[in-house]
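As a plain string of letters, each chain reads:
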Amino acid sequence: MKQFVAFVHKEFYHIFRDIRTMMILLGMPIIQIIIFGFALSTDIKDIRVGILNPNEDMTSRKIIEQIDASEYFIVTRYLQTEKEIDKVFKEGKIDMVVVFSEQFSNNLLHTGEAGIQIIADATDPNTAKTFTQYAANIIAAGQQGMVSNGNIPIHINSDIKLLYNPQMKSAYNFVPGVMGLILMLICAMMTSISIVREKEMGTMEVLLASPMKPIFIILAKAVPYFTLSCINLFTILLLSVYVLHVPIAGSLLGLIVISLLFIFVSLSLGLLISTLTKTQVAAMLASGMILMMPTMLLSGMIFPVESMPAILQWISHIIPAKWYIMIVKKLMIEGVSISFAWKEISILIIMAIILISISLKKFKNRLE
């Protein structure tokens, strides 16, 4: 019995002395329950709304106040002309526009009928369907209040217009997300495991003792995964266009260039993971925690980031896949010019510079 207790004590000692293992064993459940508990929500909140109200009469202002008072919407912009609608959607500044018809209040007063158009970004069809229904319900409630306060029967026609994906195809939403997830996992996870395998087997020191510089050794390890990711990229694009019938509305060249930039960011992230882990198992666990789960939950691939708590929204900013998916939606689905994605492109470039600089420095310090 004493021998058994001694062996148990030894195993506890081995676990407790490895800080990284302890963080994985005790930290992973905490992180997962927090992320799944707050991120897995079908509620849509903080939808950015633009208002086009030509006459700004009392009746339309009441409806606007009811929309803004809702927990689902935030009125962020008042538009002056219809030409602004397309621009603000392409700039990504709003998710929905509510357009009141000319002489809205007068039409209700004299004819008992007026119209409101709800224009929504349907690149995410499930989300668009949900928040347009929310808006229609608020307008219907406002109409009911007007009927109860007056003698003339009135009717407000709510016309819903869906931009970029009028057929409400779910493929328009998941194709950009799948592109981000696949490229991230192939590049980052496989690269980190490949390099850690050399370290675990003790052959990395042999490679570094060769006449070739360490940077070229690392690039040689990364090139095959870069090539495979390029093949995966073209395969996804071909299947998306010819099988799923998702059009590439914008620049194909721009989409490919941005994808290559994202692949480079993912390779840099894999290199960083490889410098922080000693075994393939640790690299796999780290990749699962740092890459797969956050990419699926916090990148906007499945659940809208805007509906998450502020701290999770802040964490989502450091996930490269989030910015890549946003760019793909703009170029591939919305068909906007690459100039409208300068913010996301700049962030990916900064991430690439930071990741590759830290990774190469730590790699040299540990293995040279």
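Everything below is about the structure shown above.
Residues numbered from 1 in each chain as written. Predicted model: local features only at pLDDT ≥ 70, side-chain atom pairs only at ≥ 80, totals over all residues. Heavy atoms only, no water.

A. Quick peek at the packing of helix 7 (residues 171-201) against helix 13 (residues 320-334). At a closest axis distance of 9 Å, the pairing of helix 7 and helix 13 adopts a crossing angle of 140°. The orientation of helix 7 with respect to helix 13, classified from their angle, is oblique. In this structure, the crossing between helix 7 and helix 13 has a hand that is right-handed. Facing Y172, N173, V175, P176, G177, M179, G180, L183 and M184 of helix 7, the residues of helix 13 in contact are P320, A321, Y324, I325, V328, K329, M332 and I333. A breakdown of the residues in the contact of helix 7 with helix 13 according to their chemical character gives 13 nonpolar, three polar and one charged. (Axes fitted to C-alpha atoms, helices over the stretch in contact; angles between N-to-C directions. Helix = DSSP H or I, 4+ residues; strand = E, 2+ residues; numbered from the N terminus. Parallel < 35°, antiparallel > 145°, perpendicular 65-115°, else oblique. Left-handed = near helix turned anticlockwise from the far one by under 90°. Contact = heavy atoms within 4.5 Å. Nonpolar A, V, L, I, M, F, W, Y, C, P; charged D, E, K, R; others polar.)

B. Region of the structure containing the packing of helix 10 (residues 252-276) against helix 13. Relative orientation of the contacting elements helix 10 and helix 13 amounts to 175°, with a least axis distance of 10 Å. Our classification of the angle between helix 10 and helix 13 gives roughly antiparallel. Contacts between helix 10 and helix 13 involve G254, L255, I258, S259, F262 and V265 from the first element and P320, A321, Y324, I327, V328, L331 and M332 from the second. Residues of the contact of helix 10 with helix 13, tallied by class, amount to eleven nonpolar, two polar and no charged.

C. Layout of helix 3 (residues 58-69). When the terminal C-alpha atoms of helix 3 are compared, their 16 Å separation across twelve residues agrees well with the 16 Å that a helix rising 1.5 Å per residue should span. Turning to helix 3, its buried residues number three or more, namely T59, S60, I63, I64 and I67. Looking straight down helix 3, one finds that the buried residues subtend no more than 140° of arc, so they occupy a single side. Turned more than 90 degrees away from the buried face of helix 3, the exposed residues are M58, E65 and A69. (Expected span 1.5 Å × (residues − 1). Buried < 20%, exposed > 50% of the residue type's maximum accessible area, 1.4 Å probe, protein only. Arc of directions from axis to C-beta.)

D. Broad picture of helix 13. Along its 15 residues, helix 13 runs 20 Å from first to last C-alpha, staying within 8% of the 21 Å computed at 1.5 Å per residue. In terms of burial, helix 13 is a largely internal element, 14 of the 15 residues being buried. The first or second residue beyond helix 13 is G335, which carries a positive phi of 75°.

E. Seen up close, the side chain of S316. Its location among the elements puts S316 in helix 12 (residues 310-316). One polar contact links S316 to K322, side chain to side chain, over a distance of 3.3 Å. Apart from residues no more than four positions distant in its own chain, S316 is found in contact with L298, V305, K322 and W323. (Polar contact = N/O pair within 3.5 Å; in protein donor to acceptor, adjacent residues only side chain to side chain.)

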